[in-house]
Structures are given as C-alpha cells and as structure tokens.
Amino acid sequence: MGERPSWARDNWPLIELDDLNAGLDPTRMAIEKPALSEVEGVAAKARESAPAGASEAEIERAAQDSICAMMLIRTYRVRGHLASDLDPLGLVQREMPADLTPEYHGFTGEGALDRPVWLGGALGLEKATVREIVAILRRNYCGKVGLEYMHINDLEERRFLQDRMEGKDAAIVFTPEGKQSILTKVVQAEQWEKFLAKKYVGTKRFGLDGGEAMVPALEAVIKYGGQYGVTSMVFGMAHRGRLNVLANVMAKPYRAIFSEFAGGSANPEDVGGSGDVKYHLGTSSDREFDGISVHLSLVPNPSHLEAVDPVVLGKVKAQQVARGDIEGDTVLPVLLHGDAAFAGQGIVAECLGFSGIPGYATGGCLHFIINNQVGFTTSPQFARSSPYPSDVAKLVQAPILHVNGDDPEAVTFACKLAIEYRQEFNRDIVIDMWCYRRFGHNEGDEPSFTQPLMYQEIRKHRPISEIYAERLVGEGVVEKGWLDGQVADFTTLLEGEFEAAKSYLPNKADWFEGAWSGLGRPDEAITERRNVTTGIEPAMAKEIGVVLTTVPAAVAVHKTLTRIIDARRAMFESGTGFDWATAEALAFGTLLREGHPVRLSGQDSGRGTFSQRHSVWVDQTNGAKYIPLTKVGPARFEVRDSPLSEFGVLGFEYGWSTADPQTLVLWEAQFGDFANGAQVIIDQFIAAGEAKWLRASGLVLLLPHGYEGQGPEHSSARPERFLQLCAEDNIQVANCTTPANYFHILRRQMNRDFRKPLIIMTPKSLLRHKAAVSSLADFTGESHFKRILSDPNAPADADVRRLVLCSGKLAYELFEARDAAGDRNTAIVRIEQLYPFPGEAFLARIERMTALEAVVWAQEEPQNQGYWAHVEPRIERRLRESAASPKRPIYAGRPAAASPATGLAKRHATEQAALIADALGHSSATTAQRKAS
Ligand SMILES: Cc1ncc(C[n+]2csc(CCOP(=O)(O)OP(=O)(O)O)c2C)c(N)n1
C-alpha cells in the first residue's frame, strides 16, 4: 500500500481547487458607463458638422435626426430578429414590427428618407440617408439569420457579435470552394436519408430530411473549432438526424450502419450486453481539416429526450480537468436538440445553469436546435409559451442565432460565428435552425392526420440541394448538372458500402480503451467474494490524520469546528473512536495518496448536510476556504457544493465517471429521498448503460437514508427502487453500518480492475452514534470490506435460535433492545451489501447455527418498500440449500404503505418500537414501555 499503481498518472496536473473555477466572471456582467452615451455623442457630432450658416432649427433637426437614427439602429439590434426570414415553409406569419420602420422613429414627411444623417461611425458609416440605413439594417438583422443578443449584459460580447453582423459590408461570404463543399455535404445528407429509405422501407430512422443544412454547419464547427484550439468535441443528440450525424459528421463507416440496419450487432457478438437501437448508439472518430485533427465522440443516449445533456457536460468537464484546461478551450460540448424537447424538458434549464458555475462550467456549450416546427404531432403553440423554442437559453444570457434551414450558407455562417464566440468568451451559445420535417415523426407515421396544411406545403417544397444548387449555378459557382453528378457519385459509393455491409463484422468493442485501458469486466463470477484488501499502513493513516487535523496559522476556523478537529485529532492519536466523517476523509485521503483523484459533488457537500463532513474550512474573518484534503496529494481532491438539481448534477457526475475511471466520483443527495428527481439518470444510464452501450461507470451515490421520525421525505432513499434495478451484475447496492466498512467500500471502488456503479444508503443518526465507531486496526493491515457483519455481542453459533437479518442503522436499535432484554439466543446479522447479494457467505453462516428455529428479516421501511422484496427469495434460496430447519424468512417491519413514513414523531416512535419487538420476538408492549421509560 502507498505505492503508486502502474496506471497512476505521474503527470496528473495538480490543480488547486480554485484553478478549476472556470465560469462566468461576475465582473463581466457589469455594463460600462461611457462618459457620453453613443447617442449623445452622435448628436453632438451632427451639431458640430452643421454647414456654416445653418439656422438654429436646421442644426437641431440634424441633431434630432441623428438621435432618431441611433434609436432606429438600436431597435434593429434588439428586435430585428422578429422580422428575419426564418421559415423555409413561409407558414409562420411574422409581421414587420412597427418600431422597425423609419416612420416610427419620426422620419416622416417628404424627403425624410433621403436626408443625410450623421451616424458617427455606427454601421461603419459617418453619414447616410435613412433609406440607406434601413436597407443596411434589414440586410444585417432581417435576412436569413436573426440574432438575439441585446439581452447580454456584457458590452464586449455584444460588440463582438455586433461587429460580425453589422455594417454596410457585412454579408455572409464563402469562397466558391466553400460553397461547393457546403453543397456536397447537403447532397450527402439528403442522399443518405434517401438511400436508407429505399433500402429499408418502413424502418424507423428519424430522418433529418428537411434539416440537412445542419450537416455542413457541423462540419464548420469542427473545422473552425480546430482552428480556434478545439482538439476534442463531445456530441450529445436525440434521434432526429442521428444516423446522418453518425455517418456524415462522425464518419462512422456507412457499411457499419448498413450492417446494423440488417440486424447485425454494433459490437462483436462475444462482448454481450443487451444492445440498443441504432439511433441511440454512440461512436468516436478523428477528423482532419486543413491538417488539424479533432477527436469527435457522440455519447450514446436513451430515448429520454435531453437526458444525455448533463452526461455530455460531465464527460467534457472530466476531459478538460484531466488536461488541466481551465478555460475549457480544448474540449467542446455540442448538444443537438429538437425544438419541442429544448422548450419542454426542464433538464435543459438545469444544464444551461451549469454554464457559469465553478466545477461544472465547461467553457461554453454549443447548442443546435433542429427546429422542424413540430414535436411528434404537436405544433409549437401547444408545445411552449415562448415565441421561440430557444428562449430558455436567455436565462444564462446566451446569444441566440435563429437561422433559415433552407439556406445552408446562413446555417454554416451561424455555426462559424457560434464557435468563434464560444472560443472567445467561453459561454454557451444557441443556434435555432428553422426547418421542416419532410416525413412523419418516424418514417412509418402519417403527418397529415395532424398537420395537414403544413404537409401540403412540405410536399411542394423543393429539397435544399436543389434550391442551393440553383443559386450556385446563378452565381457561376457550379455548372448545371454538377448536382446530378454529385448525387450519382455518392449513390455509387453508398451502393458499394451496402454490398460491403453484407460481410461486415465489427472487429472490436471500443470498451476498455484510452482512459479505460487496464480495466475490464470482472473476472470472477458474481457469487465470489471479489473483495480486495483495502487496509492501509498505519503510518499512512497517521500522516493523513496530521493533514486532516492541522489548522494553518492563517486560517481562523469557527470555534465549534475547532472542537470537531480536536476530536478528529484524538481519534488519530488514540487509534480509536473513528466516526463516519473521519473514516470517509481517511478513505479519500488514502485514495489521493495512491494517485486516485476524488470528486465529491452534491448539495452542501462541502460542510455536509448534517454538519458532519467539514471538508471545507471557512475562515471566520474573511470567508476564505481551506480544504485540507487538497493538501494530501498527489492526486486532486475537489468537493463541490452543487447547484440545487438532482437530474442535472447526477447526470453530470455520471458523465464524468464514464470519462475518468481513475477518479472516485461521488454524487451525494441532500437526503436520499430526493434521488428520484434524477430517476432517468438512474434507470437509463446507471443501471442499464453498461448493458446497452458497453460503457462502464464507477460512480458512487451517497444517499442519506434511515427512519428517524423526520417524515415522509426525509426517511427513505427508496432502496427498493435500486434493488429492483439489480440484475446481471450491473450495480452494487450497500448500506454500511460502520465507519470502517464505509471506508473499505469506497477504497474497494478504486482498487479493483473493473468499475461498477455503487449506491450506498448512508446514515444520519449513525454519523454521531457512539457505537458506530471504528478503530485504527479496522482500517489497516489485511482489513477489507465486509458484505455481512456479525453481531458484536452475538451468542455462540450453537445457541442461536433466532436469526434476525437487517441492513442499516436498525441493527443498532436491535442490538440495544435484545441486550436490554437479556436475550442470548438471538443473533443479529447485518447485510451490508445487498447486491450482489452475498448468498454464499450467508449460507456458510447459517450452516454453523445448528439450533436455528426462525430467520427474520427486519426492516424499518414499509413492506412494499425497503429490502424485503429483494432479500426474501435470496434468503429463501439459501435456507433451502442449507440444513437449517427454517425454510423461509419471516418479515418484521412496517406494513405496506403508500407514504414512505409517517410525519408524526410519536407515531414513528410507536411503529419503530413495535417492529423492533416483532423482529426480536419480544412483546411489543414490553419494548414500548421500556422505550417510554
Ligand atoms: C422525455 C421524453 N418524453 C417523450 C418522448 C417521446 N417523444 C419522442 S420524440 C418526441 C417529439 C420530439 O419533438 P422535437 O423535440 O421537436 O424533436 P423532433 O422529433 O421534431 O426532431 C416525443 C414527444 C421522449 N422520447 N422523451
């Protein structure tokens, strides 16, 4: 122990916690106050420049004209997008807002539009007529791109965007080669869908048809991203257009996708797993533009729209931290959304909310909405209350580029601007591409049932390639017939790939590569111990103890914290009385020493919900933070008080854990009860992700759990939910009752050559329970995690007539009641790991109890909850295998209930006393009386 394992990264950047605080600089949000406002300045200029001999009235009118022109310009900046030409179908009637007309700003009467007006440099002009000004503004702000940016507080950002949109020469310009390659990509995107439709009639593909301009635009993100320093991009997206992105953006071999269409597996047969539908699968590749290579990965995702968003962000953040990339310049998250999902799913807001938060910010996410103006069968007016699907992004003041999807140049321009902005300001940005869905929601669906008028229009609407090719022929960029040639060439290529697919076999699963190399699937069968010795050298404990209990002279800690630190010091000095929080800190410290970074994220995790952890010491004089575990090294420790989100934060940490198996990543719920706010992440990713996508995770969930009379929502982490998800060795579920066992299970998580998610029901009252303590010897030497714990005051095996099995803090209440009753025939055994269930260890134990008459499962949770449904068949199986006479376990606990717990403290106490008495076979009245006395 203490030796750095071979995989330890010697070059791991040792980043101080605060260096990782990439996020919004709050000072950037301030608006500068210029000495003289832009408008006043221009008016002054107009007055100064009046021709000699001009009358007072003429001078004033020139000044007034300038002021009004400036107001007109400003109105276009704010509201020009409302008149932009976005809808390819022309169905959305967007009237020109009155305040975008010159009349509204006072330019009325004869000659009003042709009077020259001083602009003082606005729009890049010193002087122009109102007619010219309006023409420029309409070109800038009301073309195929509509920009929303005036909600951004930061002036520098606004100017940056303004500079790229505004002025008499501002136009979307691509070279002839650029235009040709945009058209080529549109052709590929269209023909790919067509080819699939022809070869696999009636098979769902959730085609991009109508939104194909996204493909050249994403290429621009990769190309320009590479030029601006991005070396890796992580994509997350839903079903729509995914096969197109896989093939034409990620460069997944066409033949591989064809083979999957023909029913082939995405992975070699021997790797197992349940597999998933092809429009959920991920991939990775490297693409090179102009000699710059960018690594791309598309994260697999479930049907649950937007659920992958936080996973992508967490994965990106892990990669950024591993590279020591503080600003997030080198790894770019790209999330592609549907319009209905972006507006409707709350997780979108949670993820936008990460964008400025230290520890969660990824230096800006590029969001691309495939706004096909329908969600399955629901039209936008029923899908949201906001004018645009993108409005939620204004909550982080993200700029929003609305763009007409029939103009691939405009879409590519928007993406180019977006990546430039992101790299400059490290903030989120949104592209809202208005397009249409040529067919039904999936290809077997009839869209005219619900959107008849829209589909009349769509049937008449020409494909993007035709519209764009015609334009390029007009511009002389391509010749007539060029398009047909492109289509023919690409179709020939696809035919070849289609043939090759017939013999295509995926040669390997990319499962344990890169950061995962050296790790694999567990060798041992699930029933074996699979335990590793996780004891440490006493010297290491002492050394870490010194760091954990030394208050630097410069840090003035709270006086109560001083007492807590003193108590911790006494634990290390005496080698006894280690409590929960100290054992946890010691586990973290030892992992850091062994080269495993530790990241703990959760609401108020720094201090700990129950004021138990105190991993962050706050100086009482200046609020500065000191985090002792960051001083242990060599690996990085970070503890994050997360935003108040479960879905988002758990998804983020899960994403992190998939990218970085050498870091112990822990997510802590405030109370375990709140974990169900993240149910999608638990069900779709944590429980099933490995089976579906061959993506392992070593994430740890800490879920405070236990019946202590705190009511329906502060009692149960719903262990039954997790246990019901357990199968095929997918996750681990535990409820530890000693600090040492908690220490070992955390260490075990990193000290094995495989990773599985670990869900721990963590204690509340046991944090300070005088019997729930461990000694130094429990952490050192050959010690390890124990899946089953014996009773410290157990009768001799041969005397045991009643065996009470339980999990969690109830054990301590049972010990106390049994010992108070002088009962020497009842053994109380704790099942510390519920899944994988330690059946063979349990069997060995009952085989020794030769006088056994009854086996009881005791739990605090109602019968329809807790562990009962999970343990009953497993205990029964082992009883049947054994020579013991009881063949079935007896249930002792609360009756089935709708609510997890009572809100009445008195009723809680009565119920608790009754179930303890029941479990021990004592009379409930005696126990209740004894409790009362
Ligand atoms: C969380 C969730 N709820 C419901 C669904 C069912 N569903 C699948 S696609 C879809 C419509 C999505 O519309 P939009 O986001 O606009 O994307 P589009 O399919 O139009 O590209 C719905 C409701 C789902 N997949 N996920």
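Residues numbered from 1 in each chain as written. Predicted model: local features only at pLDDT ≥ 70, side-chain atom pairs only at ≥ 80, totals over all residues. Heavy atoms only, no water.

Digging into the overall build of the chain
Argument step 1. When helices and strands are tallied, the chain shows 30 helices and 24 strands.
Argument step 2. Over its C-alpha trace the chain gives a radius of gyration of 33 Å, about what one expects of a compact globule, namely 30 Å for 933 residues.
Argument step 3. For the C-alpha atoms alone, the extent of the chain along its principal axes is close to 115 × 70 × 55 Å.
Argument step 4. Considering the chain as a whole, with its 933 residues, one finds that 58% of them fall into the buried category.
Argument step 5. When the accessible surface of the chain is split by element, carbon and sulfur atoms take 52% of a total near 35800 Å².
Argument step 6. Distance between charge centroids for the chain: 4 Å, based on 101 positive and 120 negative side chains. (Helix = DSSP H or I, 4+ residues; strand = E, 2+ residues; numbered from the N terminus. Rg over C-alpha atoms; globule rule 2.2 N^0.38 Å. Buried < 20%, exposed > 50% of the residue type's maximum accessible area, 1.4 Å probe, protein only. Areas by Shrake-Rupley, 256 points an atom, 1.4 Å probe, with all protein chains shown as cover. Lys, Arg positive; Asp, Glu negative; His and termini not counted. Charge placed at Lys NZ, Arg CZ, Asp CG, Glu CD.)

Focus on the site of the ligand
Argument step 1. R240, S303, D339, A341 and V374 are the nearest of the 15 residues found near the ligand.
Argument step 2. Between the ligand and R240, the relevant distance is 2.9 Å, taken from an oxygen atom to a side-chain nitrogen or oxygen of the residue.
Argument step 3. Protein burial of the ligand: of its 580 Å² of free accessible surface, 74% is covered by the chains.
Argument step 4. When residues of the shell around the ligand are assigned to their parent elements, the largest contribution, three residues, is made by helix α10 (residues 339-344).
Argument step 5. Each residue belonging to the shell around the ligand can be placed in one class, and the counts come to five nonpolar, eight polar and two charged. (Near = heavy atom within 4 Å. Polar contact = N/O pair within 3.5 Å; in protein donor to acceptor, adjacent residues only side chain to side chain. Nonpolar A, V, L, I, M, F, W, Y, C, P; charged D, E, K, R; others polar.)

So, the confidence of the model for the chain
Argument step 1. Averaged over every residue, the pLDDT of the chain is 92; residues scoring 70 or more account for 94%.
Argument step 2. Long-range and interchain partners of residues 1-35, a stretch whose pLDDT sits below 50, account for 72 contacts in this model, where long-range means more than four residues apart.
Argument step 3. Across residues 926-933, where pLDDT falls below 50, the model places seven contacts with residues more than four positions away in sequence or in other chains. (pLDDT = per-residue confidence, 0-100. Contact = heavy atoms within 4.5 Å.)

Observations regarding the nonpolar core
Argument step 1. Within the largest apolar cluster, 103 residues are counted, with the highest numbers of intra-cluster contacts made by W192, M233, F258 and F368.
Argument step 2. Looking at this core element by element, the count peaks at ten residues for helix α13 (residues 408-425).
Argument step 3. Discounting residues that sit within four places of it in the chain, F258 has contacts with W192, F195, L196, Y200, L494, E497, F498 and A501.
Argument step 4. Judged by nonpolar contacts, the second largest core, of 70 residues, contains Y654, A675, I875 and Y891. (Core = buried A, V, L, I, M, F, W, Y, C linked by side-chain atoms within 4.5 Å.)

A word on the sheet that holds strand β7 (residues 331-338)
Argument step 1. Reading across from one edge, β3-β9-β10-β8-β7-β4-β6-β5 is the order of the eight strands in this open sheet, with mixed pairing throughout. Lying at the two open borders of the sheet, with one neighbouring strand each, are β3 (145-148) and β5 (283-289). Averaged over all pairs of adjacent strands, the angle between strand axes in this sheet comes to 20 degrees, irrespective of strand direction.
Argument step 2. In terms of strand pairing, strand β4 (residues 232-236) meets strand β6 (residues 292-298) through four bridges, oriented parallel. Note that in β6 the partner of V234 across the bridge is S297. (Pairing = 2+ DSSP bridges. Axes fitted to C-alpha atoms, helices over the stretch in contact; angles between N-to-C directions.)

A closer look at the pattern of salt bridges
Argument step 1. By the definition in use, this model includes 53 salt bridges.
Argument step 2. A salt bridge links E475 to K179, with the shortest nitrogen-to-oxygen separation between them at 2.8 Å. With E475 in the loop between α15 (464-474) and α16 (482-501) and K179 in helix α5 (residues 176-199), this residue pair connects regions lying 296 residues apart in the sequence.
Argument step 3. Using a relative accessible area of 40% as the deciding quantity, one classes E475 as partly exposed.
Argument step 4. R613 is the partner of E584 in a salt bridge, and the nearest nitrogen-oxygen pair spans 2.6 Å. With a gap of 29 residues between them, E584 in helix α19 (residues 580-593) and R613 in the loop between β11 (598-602) and β12 (617-618) connect regions that are remote in the sequence. This pair shows no difference in class: E584 is buried, exactly as R613 is.
Argument step 5. Counted as one network, the salt bridges with shared partners bring together K179, D407, E409, R471 and E475. (Salt bridge = Lys/Arg side-chain N within 4 Å of Asp/Glu carboxyl O.)

Quick word on the environment of D406
Argument step 1. Residue position: D406 is located in the loop between β9 (400-404) and α13.
Argument step 2. For D406, a relative accessible area of 12% puts it in the buried group.
Argument step 3. A C-alpha to C-alpha distance of 18 Å links D406 and H337, two positions 69 residues apart in sequence.
Argument step 4. Aside from chain neighbours lying at most four places away, what touches D406 is P88, Y436, H461, I464 and I467.
Argument step 5. Side-chain polar atoms of D406 contact the side chain of H461, separated by 2.5 Å.

Section: the packing of α5 against α15
Argument step 1. At their nearest, the axes of α5 and α15 sit 9 Å apart, and the two run at 160 degrees to each other. Judged by the inter-axis angle, α5 sits roughly antiparallel to α15. As for how α5 packs across α15, the hand of that crossing is left-handed. Seen from α5, the contacting residues are K179, I182, L183, V186, V187 and E190; seen from α15, they are I464, S465, Y468, A469 and L472. (Parallel < 35°, antiparallel > 145°, perpendicular 65-115°, else oblique. Left-handed = near helix turned anticlockwise from the far one by under 90°.)

Examining the packing of aromatic side chains
Argument step 1. Applying the stated criterion across every chain, the model contains 31 aromatic pairs.
Argument step 2. When the ring of F195 is compared with that of F498, the centres are 6.0 Å apart and the planes differ by 75 degrees; the resulting orientation is edge-to-face. Within this pair, whereas F195 is found in helix α5, its partner F498 is found in helix α16, the two being separated by 303 residues in sequence.
Argument step 3. Measuring from ring centre to ring centre gives 5.6 Å for F258 and F498, while their planes differ by 75 degrees; the resulting arrangement is edge-to-face. (Phe/Tyr/Trp six-rings, centres within 6.5 Å; stacked < 30°, edge-to-face > 60°.)

Regarding the sheet that holds strand β16 (residues 700-704)
Argument step 1. Ordered in space as β14-β11-β15-β16-β18-β17-β22, the seven strands form an open sheet in which the pairing is mixed. The open sheet has two free edges, formed respectively by β14 (637-641) and β22 (833-835), since each of these has just one partner strand. Sheet twist, expressed as the average angle between the axes of neighbouring strands with direction ignored, equals 20 degrees.
Argument step 2. Looking at chain direction, β16 and strand β18 (residues 758-762) are connected through five bridges and run parallel. When the sheet's bridge partners are listed, V700 is paired in β18 with L758.
Argument step 3. Where helix α20 (residues 647-659) meets the sheet, it contacts β11, β14, β15 (664-668) and β16, and its direction lies at approximately 170 degrees from that of β15.
Argument step 4. Strands in contact with helix α24 (residues 739-750) are β15, β16, β17 (732-734), β18 and β22; relative to β18, the strand with the most contacts, it is inclined by about 165 degrees.

Some thoughts on the packing of helix α6 (residues 214-227) against helix α7 (residues 242-249)
Argument step 1. Axis separation between α6 and α7 bottoms out at 10 Å; the angle between their running directions is 50 degrees. With respect to α7, the element α6 is oriented oblique. The element α6 and its partner α7 pack so that their crossing is right-handed. Facing α6, whose interface residues are M214, V215, L218, E219 and I222, α7 presents N244, V245, N248 and V249.
Argument step 2. Here the residues of the contact of α6 with α7 sort into six nonpolar, two polar and one charged.

Notes on the pairing of β18
Argument step 1. The element β18 is extensively covered by neighbouring structure, given that five of its five residues are classed as buried.
Argument step 2. Of the two faces of β18, the one holding L758, I760 and T762 and the one holding I759 and M761 are both buried throughout.
Argument step 3. Sheet analysis places β17 next to β18, joined by three bridges and oriented parallel. In the strand pairing of β18, A734 is matched with I760.
Argument step 4. A crossover connection joins β17 to the parallel β18 through α24; in handedness this β-α-β unit is right-handed. (Right-handed = clockwise from strand over helix to strand, strands pointing away.)

Description of the layout of surface pockets
Argument step 1. Taken as a whole, the second largest pocket encloses approximately 630 Å³ of empty space.
Argument step 2. As for the second largest pocket, its lining consists of 26 residues, of which K315, Q319, E513, A515 and A659 are closest to the centre.
Argument step 3. Where the lining of the second largest pocket is concerned, the elements lending two or more residues are β5, β6, α9 (308-323) and α20.
Argument step 4. Of all the elements, α9 adds the most residues to the lining of the second largest pocket, at five residues. (1 Å grid on protein atoms, 1.4 Å probe; cavity = no way out; pocket = protein on both sides within 12 Å on 5 of 7 lines; lining within 4 Å. Points joined across faces, edges and corners; volume = space filled by probe spheres on them.)

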